[in-house]
Structure formats: structure tokens, C-alpha cells
Amino acid sequence: MTSVTESKWVGRSIRRREDPRLLVGAGKYIADYSIPGMAYLHVVRSTHGHARILNIDISKAEDYPGVVAVITGQEVADAMKPMLVSSIIPNLGGELQIPTVYPLAIDKVQWVGDPIVAIIAESKYIAEDAAQLVEIEYEKLPVLTDPEEAMKPDAPKIYDNWKDNMLWKGQLASGDVDKAFKEADYVLSERFYGHRTGAAPMETRGAVASYDEFTGLTIHVNTQRPHILRMAISQIMSMPYDKVRVIAPKDVGGAFGTKAPIYREELLISYIAMKLRRPVKWVENRMESLMTIGQERDQIHYLELAVTKEGKIIGLRDRLIADSGDGRIGVYLGFVMPWLGAAYLSNAYDIPNVQIDVSCVVTNKPSLTPSRAFGEFPGRFAMDYAMHLVARELKLDPRDVFEKNIIKQFPHVTATGITHDSGDYEGAFRTLIEALDYDRVRQEQAEARKNGRLIGVGFAMGAEMSGLGSQIFVPMENQPGYGAATVKIDTHGMIQVFEGDSPQGQGHETTLSQVVADELGVTMDDIYISYGDTFVTPFASGTLGNRGASYTFSAAVLACRKLRPKIQQIAAHLLGVESDGNDFTFANKEIVWKKDPSKKIALRDIADAAILGPTKLPRGMEAGLEATAYFEADIAGMLSIGVHGAVVEVNPDTGDFKILRYVVVDDCGVPINPMIVRGQVHGGVVMGMGNARFEKYAFDEAGQPLSTTLMEYHMPSAADVPDIEVIEYNVPTPYTPLGSKGKGEGIPGPVPATLASAITDALNIPGFKILNLPITPESIWRSINEAKVPT
Amino acid sequence: MYPATITDYMAPTTLDECIQLLEQHGSQAKLIAGGQSFVPLLKLRMTDTSIVIDINRIIELQEFGEKNISQKRILRLGALTKHKTLATHPLVVSKYPILSDAAKFIGDVQVRNRGTIGGSLVHADPAADLPVPILVLDSTLRIVSREGERTVSADDFFLGIMMTVVEQNEILVNIDIPAPLPGTGAAYYKCCAVYGDFAIISVGASVTMTDDSCDSSRIYVGGVYPSPQRAVQTEAFLQGKAITDDILQQAADILADEIPVETDMRATAEYRRILLKEHGFKVLSKAIKRAKEDNI
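Residues numbered from 1 in each chain as written. Chains lettered and ligands numbered in written order. Predicted model: local features only at pLDDT ≥ 70, side-chain atom pairs only at ≥ 80, totals over all residues. Heavy atoms only, no water.

1. Side note on the overall build of chain A
From N to C terminus, chain A includes 21 helices and 29 strands. If one aligns the C-alpha atoms of chain A with their principal axes, the spans along those axes are about 90 × 75 × 50 Å. By residue count, 65% of the 791 residues in chain A fall in the buried class. Of the contacts made within chain A by residues no fewer than 6 positions apart, 81% connect residues no fewer than 24 positions apart. For chain A, the exposed surface amounts to about 27500 Å²; the carbon and sulfur share of it is 51%. (Helix = DSSP H or I, 4+ residues; strand = E, 2+ residues; numbered from the N terminus. Buried < 20%, exposed > 50% of the residue type's maximum accessible area, 1.4 Å probe, protein only. Contact = heavy atoms within 4.5 Å. Areas by Shrake-Rupley, 256 points an atom, 1.4 Å probe, with all protein chains shown as cover.)

So, in C-alpha cells, the structure goes:
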């Protein structure tokens, strides 16, 4: 650390700078972008789950007044490489079969919603009118909607040139698992299923693309990863890098992971803008969105735990089968999520012997797309709920089983290679137990039972990644994992910060300003944040995976610290004092000489000298005041912990249950803005409850989606969720300059096991188990009946 | 999700003008009030309507309040009565609480501010909220066309899934609800997956009591196909009986048995019967409690 900075801004619950413009409706989302001469794209999609396309008749659509162009698959394919190019295929070992995919289907469709024809028209209304005139003749093929069916040797193949339907197959293993299972006093073995659910952001996907031969392609698109998309477009369309400019809008209405992949529509609209030399706009409608993105989870776990009679887990075996859907999205391909879910399966527990066999299977559904708690949601449910079942079986208090297994020493590398950097998981867990008043709840439970009321308590944990560094990212995704930021002091002494990430509601304009304000001794009002434009911002991975507060913000801190010596040298020169570049404080927008605080100068005057009046600078000093920094943590990974607990009351006649209390103990290192952290926790828990209880991307046997409106895809509203109590239990990480870590990624993860264990505890029926998500009153009622009937 | 071309929009200010337009434009025209069912149908292109007749300005559809009609006290609800009014108006809440029971959980605040009772009844979604209390309260619906007007009892109004007796050239004008007899209480409850959703199952009941004895009742179940079903056996069972929890439990068992339920995305038939039993009991209890409060 250089000289002292007063921590005036970090750690305060400052109201979000973004909110005033959003609250008055002045936010600028993708749908708000217009370019003169713009046409509108509508995509005609498959109505069949699996079929050959025999014929496409576009003549009537082409003749419809107001239609600019109607484009089919082969034409688009001829103009580019198959989309899954090297820069967007992860390397995770194992066996991968890569599907061939172009923006539009050519001769075969793989799921209901597969894009087939692009209609470009003068208005979005005309485009939809014309879409109804496209006639497509199909030959139906057998539809696979069950991954375990699709894995069978005699199953029909979804991709003709593959040897089977296995998208990716791999193993994560370490230790002597067989020995652990031989030595175990008890082995728990269950099949758990986490259904297809995930995110449904309020703003759907969308893009506005334009092209001319001089400047090339400019695409405004609400992506989380503008720089990665730029690389992908350049490579897929063989366009020079300087002719591809990706710009994410200032405001994006939520993503939760869904806007991280490289999508077919992004390449499609780029091609169309080039071909037509006209700007084109596409905004996905709600139905397309619910048919295409946000579908995650969808894993089966055949989980086995080898346990000692004291409740110590000595071995874990799992056969994970993921329903990857068609697996044709860039970067994630429908298997990266389950893979990471497997890697994080052992969660916050010290389990030395682990073997996880992962099978990611293609089916006639849309590809899995990331949703926060990336790949982990079903595994968290399986693992943590299994620990409660272990406790019940061994007649131990689940509290003791958890305490026995929680990771206690840091850094800790798990059997699957995940590095837990620092923290106090045990302390966080005990804080939850205290907050729940666990022993008293047990007494109340006994009292209530006498009056016929069934009350139960449950809990679960989530050790969540907080960004991944280059050590992981480079081998995995051929991309850096560093955080990057440029800090630039302008002519007026105001500070412009550039980040290559692209927030979607996280509040970077607020939190990044708090961080920089402290570093340079100014106020938040002196700072403005620029992001989204790949021609302006430093290369970066994107806003995802809890990267912001751990990586990107650390880079901004480092950039400020790079600038500080130069600012001090200029100050010393202008003040006529001696300085070693480290003897000034930064406060109140001034640079103050420590030896004599009456010697001070405004940052604005320094900026004036450095930029407008360079003759005032020390002889030989380069003009300007800007720095770019790249931050890598000196450790392979960082995680933070969240411990969830619930008290519920269950009606055994109907299976309905009420959440009486929901408590979260949360660690994010040093919270930059505690209010925003709490907001993330609240939102994450609500998402977890929606996913665990109400939301389901459902399909019939023909692969027809049954949840294409929000009338069927039941997202919770305020009336459906309890009050959420949040307790901060923050342990600063030594691996970032501020001790901060990200918050947002994993919060939904512990929700299903928390609820399931509380419900199971309340019912107190031997043999009662919740093995499938979602947890609905009807599913509980069924499980009660199954437990009552001896098998 | 953008509607097809609407070639014409008109907003008559009188009922006469409206039925004239209905006659003139035939099946191409549809009425719009709050638009909470119709606009989604337009957006999903599930209707081929090209002419929209906005009825919001028609004064005859806006009646609201109690009045005496041929010496009988009734509550008259114009077809444009908003869900919000039913959910919150003191007259409804105090004297016809089954209507506010039902209206306050329709959709969300925005839906309730725009949605109308006429729209909901004519749309006739079997899982909608308002048909059940309208049936329970033995309402009469007035329907007008150029040929004249007719009144239909609620029991004859619903023909099937999204089908009613209202013809293409007709408009539902108002709903008359008889004021409750002394000693009458009514209640409604809906089971649904999330707040404001359509019913998995809904139960509405009105019970008229003398002291502890049930004189008569009307019980209907929604969320079943093709439209709400009347629980005649349950009503017969309760008639003349002194009401105890045990009797109500038996009534709920009969209710769960007699109503034909089906399996769909929201729940299985089996589970619907469980819910009927549970909530049949609760709704009857609540109706009886209200009836007794009324007696006091």
C-alpha cells in the first residue's frame, strides 16, 4: 500500500447511482436503440421437437408488402464458419462431440424453437405477419426428452454424424474412493433430480446491428461478454478485428447468466446487416425467451456418500447425468454448467475421496444456458439434503454432521481441484445456528407437535466461486481470467473509469465509484464509469461468475495506485517541495503534503497541468494521467460462503407448507456496498425459491414446451416469499487489495436443500424423502403417501 | 408477440351505438373493456379479430350499487365494474364478501385496476375467479342485442371452456346479485401455485343458517372443466343439518367425491380431490361463521 487512504466510501450503503434514471423510465435498454433506416428481424422457429425439413416455401412471405428480405439457413451458412469455433469451445478434458451449428437450421430441427427462417421487414408487425405466411414441410423424427432414454445404445441419434447422443463425458476424481466405501460404517445412496429451471430476466435478449464497408459491423447487444462476442463474430465471420465493434447498452434488464453465451441470433443479425447494408433490430419476445434461454439445472445425481458412524463423510461417488438439450450455444455448449456443478459438488465440505462421472446428453430441447448458481443448483440440493438424510439415518443431529464436515483450514483444495482461498465457514455456520436459535426451535417444535402443528428446521450451505483467475480460465476457455480496468483523470480532474465487463443490474456505476473515490480521495460525483463498448474499454471476460468485486474492481484499485506516484510527483513539483512520490495524502479532492499539510493542491490543478498545460510538468515527464491495470489473484480461485436456514410449518394433509423464518448468513469478504450485497442476497434467495418451488420449464413427450408464457412459468412475486433475514459474516480475503469478493452468483444454490430439510424435519416421518425438484405441495403430499406405504 | 393489423377501432358512448356496431361488423369485431384477457389473445394472434370496439365509455355498463327491483333488494354490477372495486369497495367487502374474497387475488394490482367482471365472465376461463361467486350468489345476467334484451341466470350462462350464452351480436350489460337473506354467509377460496395465478381448484359457498342449522346452501367449484361445477350432493347433505365440524368434514368428503376433477399441468385429479376436501371444509366453515355473524 502507498500512503493512507481514508475509507470513506467503501463499506457504505450508498443509494445506487443507476436508480434515478431507471425509476423515471430514462434507462436505455436495447429496445430503446434506434438507427435511422432500421428494419426489423423476426425469426421463424421450429414447431417440432425433432424433424427433417423437407421444404421451405418463403414465396408468400417475400411478396408480403413491407417485407425487406426472407432468408433461409443455407445462405447464412455459406457466409460463415460453423459457429462453434475454437475461441468459444471450452477445454475440459473428457470426451466431447461438437455439434455443427449455423444461425439457422438447414435440413433438420432439433427442438421446438430452433430458428429456421429470418424475416426482415419495415416494421415488427409486418415481420410477424409475414412469418405466418412461411410454409415449412417437416418429416417428423423420434423425439428424445429424457436424457436417460437418450443414453441408451439403441436410442435414435439426434446428430447423424455422432456415435451416440453423448455431448460430453468425463470424470472428476481424486483419492481412494473404493477404499473409503469399503471402510464406511454407512453408505447413503439416492437418486436426486433437479428439474429444468433457471432464469427469466425481465429484459429479453436483443440486438441492433449495422454495417458499412468503411467502419464494418457495429452490433449493440445486451450481452454480458461484449469482448468475447467480438472475438467470436470476428472468427466465425472471418472479419478483421477492427471491423467488429460490439457495444452492450448502458442498461441491461437482468441476465443472471443467460446473456453470457454466444447465440445464433447474434450471428444471424450481423450477417443480415452486412447483406442488406441496413441497420436491423431484433428483440426477442417473451415466448421466444421462455422457449430458448434461462433453462438450466436439469441434472440427475446418483449420489453415494460413504460415512463413518460419527457422521464424517469419507467418500463421495456420483453419477451425474445432465439433460444438455441441443448443446449448440457458444462457450457453454450445455455441458460446462454440469461440469462445474460436479466440480463444486462437495461444496463447503472436506471430503478427501471423490469420484464423479459426468454424462451430458443431448435431447430435443433447447441447450442449457447458464443461470446463476451456475451448474450447482441440483448438486447443492443433492449434497446438502443427503447430509440431512445421513444424520437421520445415523440418529445424529444434522448440525453436528455439518460441523464435522465443514472445511476448517484455508487455503483448501478439494478433491475435484477447487481452491477455497480463505474464510471462516465454521463460524458462518455457527452464526446461522445461533440466529435460528436452533435449540429453542427444537423445544418449540416439540411443544407444537403436542398441539398437532408440524414445525421443522433445516439448513444448507453454498460455497460459491468468486471469479476464476487465468490459471483456470486460460486452459479452460482460452481466455484470460484477470480483471481489467482503466482509470483516466480528465482535463477537469474528474475521473473516468473504463471496464471491459458489462453489468446487467449489479450497480457497478455505484460500487466502482465507491472504490475509486477512496483510492484517489475524491467523491463519487467526481467519477463516471464507461463500459460496454469494445472499441473503448480494456479487454475483459465479462460480468459473470462473481467477477466484479473480486477481479475487475481490484484492477481499478491497482490502476489508481499506479497513478498515485505520478500525481504526487506533479504535486510536489507544482508546490515546490521534495517528494519521493509517496508522501502525500489524497483527500477532499486534494493532494496534501504529509510533512506540512498547508502545502496542498487540488487534483483538478494537477490534471490541468498534466493534460492541458504540460509545460508545467516536471522536465521530461510524460503528459496525461491514465493507467490500465490487470489484476490476478495470487491463488487459483476464490470462494465465499452463504449459509441458509429455514423454519417451516407443514400441513400433512395437503403437503402445503409455510416458511416461518428464512435466514441467510453471508460472507463476501469486504462488502463495498452492504445494501447492494443484501439486495443480491434477497434476489438470489427469491430466485432460489422460485426455482425450487414454482418455476419449471416443462415439455410434453413430443418436446413441445408447456411453459412459454409467464402464466405457466410461475415466477414468485413478493407475496410468495417470506421476509429474508440477512446476517453479515464477512471475512476479508487476503487475495484482493480491498479484501472484497463478488456476490451474486451462487445465492440460489442452498435454497432447495434448506427447504427440503426443514420440511422433512417437520414431518418427522421415517422414510419420507424429497428426492425431486420442484418441491410443490403435491410432491410433498405424494412423498408422504409413499413413505407411509411400506415398500 | 405483436398483434396482427387492427383495421378499425371504435369507441361508442351508448349501448345502442355499440349493439349497432356489433350487428354491422359481425364476427370480425370484438369488444374490449379492460383488455386483460383479450389483449394477450391479440398479441399471441390467437384471435382473428380485426375490429375492436372499446366499450369503456358506455355509461349503461358502469352501474354499481344496491337498488330495489320489483321489491327485491339487489346489488347491480355493471359489466365494466373493475376487479379492484369488487376487492375493496366497502359495500362489497361488508355485505358481499365472497366477491372480494375472489377479486382480491386476481392477477396483480395492474390487472385488478383494469380487468372487469363482464370481461372475465364472458371470457369464461374455467380457472378464473369470478364465475364461482357469481354462481354461488345466484346472479342474473342481463344481455342485450339489437333484437332486444334477455336475462339469464348464472347457472345457464356458462356453456363450456371459454364459451357462454352470449352471442356474437350481444353484449353483457350487468349482473344482478340478490341481497343475502338474513343468516346467510358466503366465502371463496382459491388454491394456486403463485399469488394471483389461475386456480388449481377454487371453492365458493353460500350458507343460510337458522341458529346452528343449515337451511340451504349453494356450493360451486372452479378450476374444473369445462366450467365451474355445482356440488348438489353436498348441498343436499347439509340441508337441515345442525352444523358441527364433524358434519362439515363429512360434507367436504362428499364434495371431494362428487366433483369431477381432471389432471392437467397444474395438478393431478387425485391431488385436486385432496385440496377440495381441505378447502371445502375451510370455505364452508368461513361461510357459516359469516352467516352467524350476520345473525347477530
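2. Brief notes about the overall build of chain B
A tally of regular secondary structure across chain B gives twelve helices and 14 strands. Computed over the C-alpha atoms, the radius of gyration of chain B is 19 Å, within 12% of the 19 Å expected from 2.2 N^0.38 for a compact globule of 296 residues. Viewed in the frame of its principal axes, chain B has a C-alpha envelope of about 60 × 45 × 30 Å. Taking as baseline every contact in chain B between residues at least 6 positions apart, the subset at least 24 positions apart corresponds to 63%. Summed over its atoms, the accessible surface of chain B is roughly 12800 Å², and 52% of this surface lies on carbon and sulfur atoms. Treating the 30 positive side-chain charges of chain B as one cloud and the 37 negative ones as another, the clouds have centres 5 Å apart. (Rg over C-alpha atoms; globule rule 2.2 N^0.38 Å. Lys, Arg positive; Asp, Glu negative; His and termini not counted. Charge placed at Lys NZ, Arg CZ, Asp CG, Glu CD.)

3. Things to note about the packing of helix α12 (residues 398–405) of chain A against helix α13 (residues 425–436) of chain A
Residue and element names in this part refer to chain A. Packing of α12 against α13 brings their axes to within 10 Å, and their N-to-C directions diverge by 165°. One element, α12, and the other, α13, form an angle in the roughly antiparallel class. The hand of the α12/α13 crossing is left-handed. Contact residues: α12 offers Arg399, Phe402 and Glu403, while α13 offers Phe429, Arg430 and Ile433. (Axes fitted to C-alpha atoms, helices over the stretch in contact; angles between N-to-C directions. Parallel < 35°, antiparallel > 145°, perpendicular 65-115°, else oblique. Left-handed = near helix turned anticlockwise from the far one by under 90°.)

4. A look at the environment of alanine 587 of chain A
The topology assignment puts alanine 587 of chain A in strand β23 (residues 584–587). Sequence spacing of alanine 587 of chain A and alanine 702 of chain A is 115 residues, and the spatial spacing of their C-alpha atoms is 66 Å.

5. Here we look at the domain arrangement of chain A
Residues and elements named next belong to chain A. Taken domain by domain, chain A consists of domain 1 (19–27 + 482–631), domain 2 (35–141 + 203–254 + 259–292) and domain 3 (295–471 + 634–788). For domain 2 and domain 3, the distance between their C-alpha centroids amounts to 36 Å. Facing 29 residues of domain 2, the contacting portion of domain 3 comprises 29 residues. Regarding the contact of domain 2 and domain 3, the summed buried area is about 2400 Å², with carbon and sulfur atoms giving 65% of it. Looking at the side of domain 2 facing domain 3, the largest losses of area belong to Leu92, Trp111 and Leu290, adding up to 25% of the total buried there. Summed over the shared surface of domain 2 and domain 3, the result is one salt bridge. Two residues, aspartate 114 and arginine 328, come together in a salt bridge whose shortest N-O distance is 2.8 Å. Here domain 2 is connected to domain 3 by nine residue pairs in polar contact (both at pLDDT 80 or more). Sorting elements by how many residues they give to the side of domain 2 that touches domain 3 places helix α9 (residues 286–292) first, with five residues. (Domains from an automatic or database assignment. Buried area = accessible area lost by both parts, 1.4 Å probe. Salt bridge = Lys/Arg side-chain N within 4 Å of Asp/Glu carboxyl O. Polar contact = N/O pair within 3.5 Å; in protein donor to acceptor, adjacent residues only side chain to side chain.)

6. Some details on the sheet that holds strand β5 (residues 108–109) of chain A
Residues and elements named next belong to chain A. If you trace the three strands from one edge of the open sheet to the other, you get β5-β2-β7, paired in antiparallel fashion. Unpaired on one side and paired on the other, β5 and β7 (135–140) mark the two borders of the sheet. Both strand β2 (residues 51–57) and β5 contribute to a ladder of two bridges, which runs antiparallel. Bridge assignment links arginine 52 to a residue of β5, and that residue is lysine 108. (Pairing = 2+ DSSP bridges.)

7. Details of the sheet that holds strand β1 (residues 8–10) of chain B
All names here are of chain B. Pairing is parallel across the open sheet formed by three strands, whose spatial order is β1-β3-β2. In this open sheet, the two edge strands, each paired with only one partner strand, are β1 and β2 (29–32). Across the sheet, the mean angle from the axis of one strand to that of its neighbour is 20°, orientation sign disregarded. As defined by bridge partners, β2 adjoins strand β3 (residues 51–54) across four bridges and the pair is classed as parallel. Bridge pairing in β3 places alanine 29 opposite isoleucine 51. The strands touched by helix α1 (residues 15–25) are β1, β2 and β3; relative to β3, the strand with the most contacts, the crossing angle is about 170°.

8. Quick word on the interface of chain B and chain A
Taken together, the 21 residues of chain B in the interface contact 26 residues of chain A. Summing the contributions of chain B and of chain A, the shared interface buries around 2100 Å²; its carbon and sulfur component is 60%. For the pair chain B and chain A, the number of links is three salt bridges. A salt bridge links arginine 45 of chain B to aspartate 129 of chain A; its shortest N-O distance comes to 2.7 Å.

9. Some remarks on the domain arrangement of chain B
Split by domain assignment, chain B resolves into domain 1 (8–54), domain 2 (62–178) and domain 3 (184–295). Inter-centroid distance (C-alpha atoms) of domain 1 of chain B to domain 3 of chain B is 36 Å.

10. Some points on the nonpolar core
Residue and element names in this part refer to chain A. Ranked by size, the top nonpolar core spans 167 residues in total, and within it Leu41, Ile272, Leu305, Met461, Tyr662 and Ile759 carry the most contacts. Top contributing element to this core by residue count: helix α11 (residues 377–393), with ten residues. In contact with leucine 305, other than residues within four places in its own chain, are Phe181, Tyr186, Val187, Leu188, Ile313, Gly315, Leu316, Met383, Ala386 and Val390. Counting 51 residues, the second-largest nonpolar core is a separate cluster that includes Val522, Ala549, Cys560 and Ile591. (Core = buried A, V, L, I, M, F, W, Y, C linked by side-chain atoms within 4.5 Å.)

11. A short note on the UniProt feature "domain: FAD-binding PCMH-type" (unreviewed entry) in chain B
In the numbering adopted here, UniProt assigns the feature "domain: FAD-binding PCMH-type" (unreviewed entry) to residues 1–182 of chain B. Secondary structure over residues 1–182 of chain B splits into 32% helix and 27% strand, and the C-alpha atoms at its two ends are 51 Å apart. (UniProt positions renumbered as here; feature names shortened; annotations may be inferred.)

12. A closer look at the confidence of the model for chain A
The share of residues in chain A with pLDDT of 70 or more is 99%, and the mean pLDDT across the chain is 96. Low pLDDT, under 50, characterises residues 1–5 of chain A; the predicted model gives this stretch 14 contacts beyond four residues in sequence or across chains. (pLDDT = per-residue confidence, 0-100.)

13. Describing the packing of aromatic side chains
Residues and elements named next belong to chain A. Evaluated as defined, the whole model comprises 19 aromatic pairs over all chains. Between tyrosine 349 and phenylalanine 402, the aromatic rings sit 5.8 Å apart at their centres with planes inclined by 90°, giving edge-to-face as the arrangement. Of this pair, tyrosine 349 sits in the loop between α10 (336–343) and β16 (353–362) while phenylalanine 402 sits in helix α12, and the two are 53 residues apart along the sequence. Neither residue differs from the other here; tyrosine 349 and phenylalanine 402 are each classed as buried. Centroid distance tyrosine 697 to tyrosine 713: 4.1 Å. Interplanar angle 20°. Geometry classified as stacked. (Phe/Tyr/Trp six-rings, centres within 6.5 Å; stacked < 30°, edge-to-face > 60°.)

14. Focus: helix α20 (residues 751–763) of chain A
Residue and element names in this part refer to chain A. Relative to the 18 Å expected for 13 residues at 1.5 Å per residue, α20 spans 19 Å between its end C-alpha atoms, a close match to the ideal helical length. Extensive coverage of α20 is indicated by the burial of 13 of its 13 residues. Backbone geometry just downstream of α20 places asparagine 764 in the positive-phi region, at approximately 50°. (Expected span 1.5 Å × (residues − 1).)

15. Thoughts on the pattern of salt bridges
What the rule picks out here adds up to 73 salt bridges over all chains. Lysine 600 of chain A is paired through a salt bridge with glutamate 590 of chain A; the nearest N and O atoms lie 3.6 Å apart. Pair noted here: lysine 600 of chain A is in strand β25 (residues 600–602) and glutamate 590 of chain A is in strand β24 (residues 590–593), with a separation of ten residues, a long-range link. Its salt-bridge partner being lysine 282 of chain B, residue glutamate 278 of chain B comes within 3.3 Å of it at the nearest N-O pair. Taken as a pair, glutamate 278 of chain B and lysine 282 of chain B lie in helix α12 (residues 269–295) at a separation of four residues, close to a single helical turn. Here the residues in one salt-bridge network are Arg45, Arg205, Glu265, Glu284 and Glu288 of chain A, joined through shared partners.

16. Regarding the side chain of serine 371 of chain A
Inspection of the secondary structure puts serine 371 of chain A in the loop between β16 and α11. Excluding its chain neighbours within four sequence positions, the residues that come into contact with serine 371 of chain A are Gly198, Ala199, Phe256, Thr258, Gly294, Glu296, Arg297, Met687 and Glu745 of chain A.

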